[in-house]
Amino acid sequence: MKKIKVKINTMEIEVLNEIFYFINRITDPNRESRVARSALLSISKRLKSKTMNTYPKNKKLSFTMAFYEAHFLELFLKDIHRYDFGEYAWNVILTLKNELNQQLA
């Protein structure tokens with residue numbers, strides 16, 4: 001299966017780490033919700049480890065994820081986009097969502 005690769009900087013990663021707080025609100029007992037939560041937690045852990053390293057704020061980092069992880073991240077970003085996180089966060093969410101959509105198509 002094809003891997004999905006995105007380029008994001010550390011400021012964008014910080015925005016994503018803030019919105020991953022909402023992963024804990026996924027409490028549906030059905031199989032798809034549990035798989036989505038698991039995939040998103042995996043992405044969240046890997047992104048948090050990238051912020052632990054001391055990269056410059058404006059340096060673009062390559063982040064690779066499995067196809068199914070990218071799919072669930074795109075769905076999560078579509079749902080989360082309705083909340084108000086501020087203009088910069090909204091732009092980060094929209095940009096990443098569009099990039100994932102293009103690569104998943």
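All values derive from a computational prediction rather than experimental measurement. Numbers given to residues run from 1 along each chain, matching the order in which its sequence is written. Since the coordinates come from a predicted model, pLDDT governs what is reported: local features require at least 70, and pairs of side-chain atoms require 80 or more to be given and counted, while whole-chain, interface and lining totals use all residues. Think of the side-chain values as coming from all heavy atoms in the structure, minus any hydrogens and water.

*Asks:* It is not clear to me how the packing of helix α1 (residues 10-19) against helix α4 (residues 87-104) should be interpreted in this structure. Could you clarify?
*Replies:* A pair of packed helices can be characterised by two numbers: the angle between their axes and the separation between those axes. Note on method: axes are straight lines fitted to C-alpha atoms, helices fitted across the in-contact stretch only, with angles between N-to-C directions ranging 0 to 180 degrees. Strands are runs of DSSP state E lasting at least 2 residues, helices are runs of H or I lasting at least 4, and numbering of each runs from the N terminus. It is the contact of α1 with α4, at a shortest axis distance of 10 Å, that shows an interaxial angle of 95°. When the interaxial angle is binned, α1 and α4 end up roughly perpendicular. Between α1 and α4, the contacting residues are Met11, Glu12, Val15, Leu16 and Ile19 on the first element and Tyr88, Ala89, Val92, Ile93 and Leu96 on the second. Convention used here: angles under 35 degrees read as roughly parallel, angles over 145 as roughly antiparallel, angles from 65 to 115 as roughly perpendicular, and any remaining angle as oblique. The contact definition used throughout considers only heavy atoms, calling two residues in contact when any of these lie within 4.5 Å.

*Asks:* Is there a simple way to explain the pattern of salt bridges in this structure?
*Replies:* Where charged atoms from two side chains of opposite charge approach closely, those side chains can pair. Each salt bridge in this description consists of a side-chain nitrogen of Lys or Arg and a carboxyl oxygen of Asp or Glu lying within 4 Å of one another. According to the stated counting rule, one finds three salt bridges in the structure shown. When the shortest N-O distance is used, the salt bridge between Glu12 and Lys60 registers 3.8 Å. One end of the pair, Glu12, is in helix α1; the other, Lys60, is in strand β2 (residues 60-66), with 48 residues separating them in the sequence. Residue Lys60 is classed as partly exposed on the basis of its relative accessible area of 44%. One salt bridge in this structure joins Lys78 and Glu74, with 3.9 Å as the shortest N-O distance. You can see Lys78 and its partner Glu74 sitting in helix α3 (residues 67-80), four residues apart, about one turn around the helix. The classification of residues rests on relative accessible area computed with a 1.4 Å probe and restricted to protein chains. Under 20% of the type maximum is buried, over 50% is exposed, and intermediate values are partly exposed. Exposure remark for Lys78: the relative accessible area of 44% places this residue in the partly exposed category. The buried category is assigned to Glu74, whose relative accessible area is 7%.

Keep in mind these numbers describe shape, not what the thing actually does.
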